[in-house]
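These are the residues of each chain, in order.
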Amino acid sequence: MTAQPTLFERIIAREIPSDIVYEDEHYIAIRDIAPKAPVHLLVIPKRVSARVDEITDAREMGELWLTAVKVARQHADDYRLLVNAGRGGGQVIFHTHVHILAGWEHGPDNDTGSA
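Residues numbered from 1 in each chain as written. Predicted model: local features only at pLDDT ≥ 70, side-chain atom pairs only at ≥ 80, totals over all residues. Heavy atoms only, no water.

1. So, the pattern of salt bridges
Right, on to step 1. One pass over the full model with this rule turns up seven salt bridges.
Right, on to step 2. Between Glu15 and Arg10 there is a salt bridge, and its shortest N-O distance comes to 3.1 Å.
Right, on to step 3. Between Arg51 and Asp53 there is a salt bridge, with the nearest N and O atoms lying 2.7 Å from each other.
Right, on to step 4. Connected through salt bridges with shared partners, the residues Arg14, Glu23 and Lys46 form a single ionic network. (Salt bridge = Lys/Arg side-chain N within 4 Å of Asp/Glu carboxyl O.)

As structure tokens, this is what we get:
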């Protein structure tokens, strides 16, 4: 029995449309469909791991974070990088991804109104 592809695998395969803001051989970055900040992007490895803590190779982990920083800097001067690990950590889609949150005028804890 084969596991169903994750939502992100289906986006990577172009089975589901998405607003892609970056792509290379190993990563894709998309706009979140339920943004929690004025800029809310997701950096997603094309190689599937369910949780970030399943990545044990330092090079792979470093490339994930370097890619997230690269994408973040293309969209904002200041930003927050966030990873949820496991259901209790707020993870909803079990395919490792890094959230890029940015775009607040006065910082995330000082602005009101924006998700």
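That was the structure; now back to the text.
2. Quick notes on the environment of Asp78
Right, on to step 1. By the secondary structure assignment, Asp78 is in the loop between helix H2 (58-75) and strand S4 (79-82).
Right, on to step 2. Of the residues examined, Asp78 reaches a relative accessible area of 63% and is grouped as exposed.
Right, on to step 3. With 26 residues separating them along the chain, Asp78 and Val52 place their C-alpha atoms 23 Å apart. (Helix = DSSP H or I, 4+ residues; strand = E, 2+ residues; numbered from the N terminus. Buried < 20%, exposed > 50% of the residue type's maximum accessible area, 1.4 Å probe, protein only.)

3. Some remarks on unusual backbone geometry
Right, on to step 1. For Arg14, which is not glycine, the phi torsion reads 65 degrees and is therefore positive.
Right, on to step 2. Relative accessible area serves as the criterion here: at 46%, Arg14 is assigned to the partly exposed category.

4. Here's the deal with the environment of Glu63
Right, on to step 1. Relative to the assigned elements, Glu63 resides in helix H2.
Right, on to step 2. For Glu63 and His26, which are 37 residues apart along the polypeptide, the C-alpha to C-alpha distance reads 9.2 Å.

5. Quick word on the nonpolar core
Right, on to step 1. Among the nonpolar cores identified, the biggest contains 16 residues, and Ala29, Leu41, Val43, Leu64, Val71, Val98 and Ile100 are the most heavily contacted of them.
Right, on to step 2. Those elements that place two or more of their residues in this core are strand S2 (27-31), strand S3 (39-45), H2 and strand S5 (98-102).
Right, on to step 3. Looking at which element gives the most residues to this core, the answer is H2, with four residues.
Right, on to step 4. With residues near it in sequence (within four places) discarded, Val71 still touches Val21, Tyr22, Ala29, Leu41, Val43 and Ile100.
Right, on to step 5. Membership of the second largest hydrophobic core comes to seven residues, among which are Ile12, Ile28, Ile30 and Leu42. (Core = buried A, V, L, I, M, F, W, Y, C linked by side-chain atoms within 4.5 Å. Contact = heavy atoms within 4.5 Å.)

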